[in-house]
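Here is what each chain is made of, one letter per residue.
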Amino acid sequence: MSNRRKFIKSSVYGGLAIGTASISTMACTNQSTPGEKPIVISTWNHGMEANAEAWNVLGSGGKAIDAVEKGVMVTEADPDNATVGIGGFPDRDGNVTLDACIMDENDNCGSVAFLQNFKHPISVARKVMDETPHVMLVGEGARRFAVDQGFKEENLLTPKSEAAWKKWLLNQDYKPKINVENHDTIGMVALDAEGNLSGSCTTSGAAWKMHGRVGDSPIIGAGLFVDNEVGAAVATGLGEFVIKICGAHTIVELMRQGRSPMEACQEAVERIVRKYPNDYQDLQVGFLALNKDGAYGAHAVHTGFNYAVKSKTQDRLIDSQFYTG
Ligand code: SD4
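Residues numbered from 1 in each chain as written. Predicted model: local features only at pLDDT ≥ 70, side-chain atom pairs only at ≥ 80, totals over all residues. Heavy atoms only, no water.

Brief notes about the overall build of the protein
Here is step 1 of the chain: Helix and strand counts for the protein come out as nine helices and 13 strands.
Here is step 2 of the chain: When each of the 325 residues of the protein is scored for burial, the buried share is 60%.
Here is step 3 of the chain: Across the protein, contacts joining residues at least 24 apart in sequence account for 69% of those joining residues at least 6 apart.
Here is step 4 of the chain: In the form shown here, the protein has an accessible surface area of approximately 12400 Å², with 48% of it arising from carbon and sulfur atoms. (Helix = DSSP H or I, 4+ residues; strand = E, 2+ residues; numbered from the N terminus. Buried < 20%, exposed > 50% of the residue type's maximum accessible area, 1.4 Å probe, protein only. Contact = heavy atoms within 4.5 Å. Areas by Shrake-Rupley, 256 points an atom, 1.4 Å probe, with all protein chains shown as cover.)

Structure representation (structure tokens):
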């Protein structure tokens, strides 16, 4: 491998913010849970706050699609979160570039990638879904569309993330590190009282990525997939490997074939491990799935992934199962 490729590869692994289960309240569950609705589940610790906002919609009989948009907006607006929205770590040239997508129960979907200077990419993605004949807008076209829709441009590089970037610039030779932060991309899936599923996913992507890099999070079928006949799934972690196995879509199809949400996530994780034996030790990917009955489950390549669940009977953070060989 050339030095340049090596640099790029290790920078991407190393810069990806991958969380730890620092405030877990519950041990791993082996099986998917029995179903209930309405229910919302989302990735990482920050999912607790995001779920609370989503529940304001779901708990009063609102639609899953509105819940998953409102929920992840909480995380996007948090400047202390270095992996989503404002305050997200920039690419290696110092630009904060955001990816997001959203999908409803009728296969309507909207996505933005490489979006800069908008605090709520998920809402721009929602507008792409609601107001255009397209699924995905990127870069300058996405910017113009957002401005036309009334979104305000603002600087998303906070002093804290700028300082982190400048520190990284000093040697630029990250080694792979897993579980270095306690927050990450937010992916959320929900089932509303009517029995309809929706999902959302939003991120600033891999820290110190190459300018122009887009991960799995805005790719329908990779970072997020919803099929109202079956279930919904979201991904977090090193997006390149989620894209390679078309992660979220794979999980939904496995559920269609009869797997529980947990089994489906586990099979997707094992596919990554099996197909990329030289890579998986140095990367984290976590999957989260919810089926049409409101049963959920998760699985990750390594320990450290956790997820938040909220329903009438549950409001908790759960440590995900992970690959143990
Ligand atoms: C990406 N999957 O851009 C996203 C980032 C993420 O854990 O989820 N980080 O690859």
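Now, onward.
Things to note about the sheet that holds strand β12 (residues 315-319)
Here is step 1 of the chain: One open sheet holds the eight strands; their spatial order is β4-β3-β2-β6-β5-β1-β11-β12, and the pairing between them is mixed. The outermost strands of the open sheet, each flanked by one partner alone, are β4 (136-138) and β12. The sheet shows a mean angle of 10° between the axes of neighbouring strands, direction not considered.
Here is step 2 of the chain: Note: strand β3 (residues 109-115) against β4, three bridges, orientation parallel. By the bridge assignment for β4, alanine 113 is matched with valine 138.
Here is step 3 of the chain: Packing against the sheet, helix α4 (residues 121-131) makes contact with β2 (98-103), β3, β4 and β6 (197-203), and its axis sits at approximately 135° to β3.
Here is step 4 of the chain: Contacts from helix α5 (residues 139-148) reach β3 and β4 within the one sheet, and its direction differs from that of β4 by about 105°. (Pairing = 2+ DSSP bridges. Axes fitted to C-alpha atoms, helices over the stretch in contact; angles between N-to-C directions.)

Focus on the site of the ligand
Here is step 1 of the chain: Taken together, 14 residues form the shell around the ligand, and within it Asp184, Thr185, Arg213, Asp216 and Gly237 come nearest.
Here is step 2 of the chain: Here an oxygen atom of the ligand and a side-chain polar atom of threonine 185 are 2.6 Å apart.
Here is step 3 of the chain: Interatomic distance of 2.8 Å between a backbone N/O atom of glycine 239 and an oxygen atom of the ligand.
Here is step 4 of the chain: Compared with its free state, where it exposes 280 Å², the ligand has 99% of that area covered by protein. (Near = heavy atom within 4 Å. Polar contact = N/O pair within 3.5 Å; in protein donor to acceptor, adjacent residues only side chain to side chain.)

Re the packing of helix α8 (residues 247-256) against helix α9 (residues 261-275)
The angle between the axes and the distance between the axes are what describe a pair of packed helices.
Here is step 1 of the chain: At a minimum axis distance of 9 Å, the contact between α8 and α9 shows a crossing angle of 130°. On the basis of their axis angle, the class for α8 and α9 is oblique. For the pair α8 and α9, the crossing hand works out as right-handed. Note on element contacts: α9 touches α8 through Pro261, Ala264, Cys265, Glu267, Ala268 and Arg271, opposite Thr250, Ile251, Leu254 and Met255.
Here is step 2 of the chain: Tallied by class, residues from the contact of α8 with α9 come to seven nonpolar, one polar and two charged. (Parallel < 35°, antiparallel > 145°, perpendicular 65-115°, else oblique. Left-handed = near helix turned anticlockwise from the far one by under 90°. Nonpolar A, V, L, I, M, F, W, Y, C, P; charged D, E, K, R; others polar.)

Points about the pattern of salt bridges
Here is step 1 of the chain: In this structure the tally under the stated criterion is 14 salt bridges.
Here is step 2 of the chain: The partner of arginine 143 in a salt bridge is glutamate 140, with the nearest N and O atoms 2.9 Å apart. In this pair, arginine 143 and glutamate 140 both sit in helix α5, three residues apart, roughly one turn of the helix.
Here is step 3 of the chain: Judged by relative accessible area, which is 27%, arginine 143 ranks as partly exposed.
Here is step 4 of the chain: Residue classification places glutamate 140 among the partly exposed residues on the basis of a relative accessible area of 42%. (Salt bridge = Lys/Arg side-chain N within 4 Å of Asp/Glu carboxyl O.)

A closer look at a nonpolar patch on the surface
Here is step 1 of the chain: On the surface, Val135, Met136 and Val138 cluster together to form a nonpolar patch covering roughly 230 Å² of accessible area.
Here is step 2 of the chain: In this structure, methionine 136 sits in strand β4. (Patch = residues over 30% accessible without salt bridge, like charges linked within 9 Å, V, L, I, M, F, W, Y side chains within 5 Å.)

Section: helix α2 (residues 47-58)
For an α-helix, the turn length of 3.6 residues means that residues three or four places apart are oriented alike.
Here is step 1 of the chain: Buried within α2 are the following residues: Gly47, Ala50, Asn51, Ala54, Trp55, Val57 and Leu58. One face of α2 carries all of its buried residues, which in axial projection span an arc of 145°. Residues of α2 that are exposed and point over 90 degrees away from its buried face: Glu49 and Asn56.
Here is step 2 of the chain: Tucked inside the fold, the buried residues of α2 contact β1 (39-43), α3 (64-76), β5 (186-191) and β11 (306-311). (Arc of directions from axis to C-beta.)

A word on the confidence of the model for the protein
Here is step 1 of the chain: Scored by pLDDT, the protein comes out at a mean of 89, with 86% of its residues at no less than 70.
Here is step 2 of the chain: This model gives residues 1-15 a pLDDT under 50, and the stretch forms 31 contacts once residues within four places in sequence are excluded.
Here is step 3 of the chain: For the stretch residues 17-30, pLDDT sits under 50, and the model shows 54 contacts to residues farther than four places along the chain or on other chains. (pLDDT = per-residue confidence, 0-100.)

Structural notes on the nonpolar core
Here is step 1 of the chain: Counting residues in each nonpolar core, the largest one holds 50 residues, and the members touching the most others are Ile251 and Phe287.
Here is step 2 of the chain: Looking at this core, the element that brings in the most residues is α9, giving six residues.
Here is step 3 of the chain: Residues Val68, Val72, Leu115 and Met188 belong to the second largest nonpolar core, which totals 29 residues. (Core = buried A, V, L, I, M, F, W, Y, C linked by side-chain atoms within 4.5 Å.)

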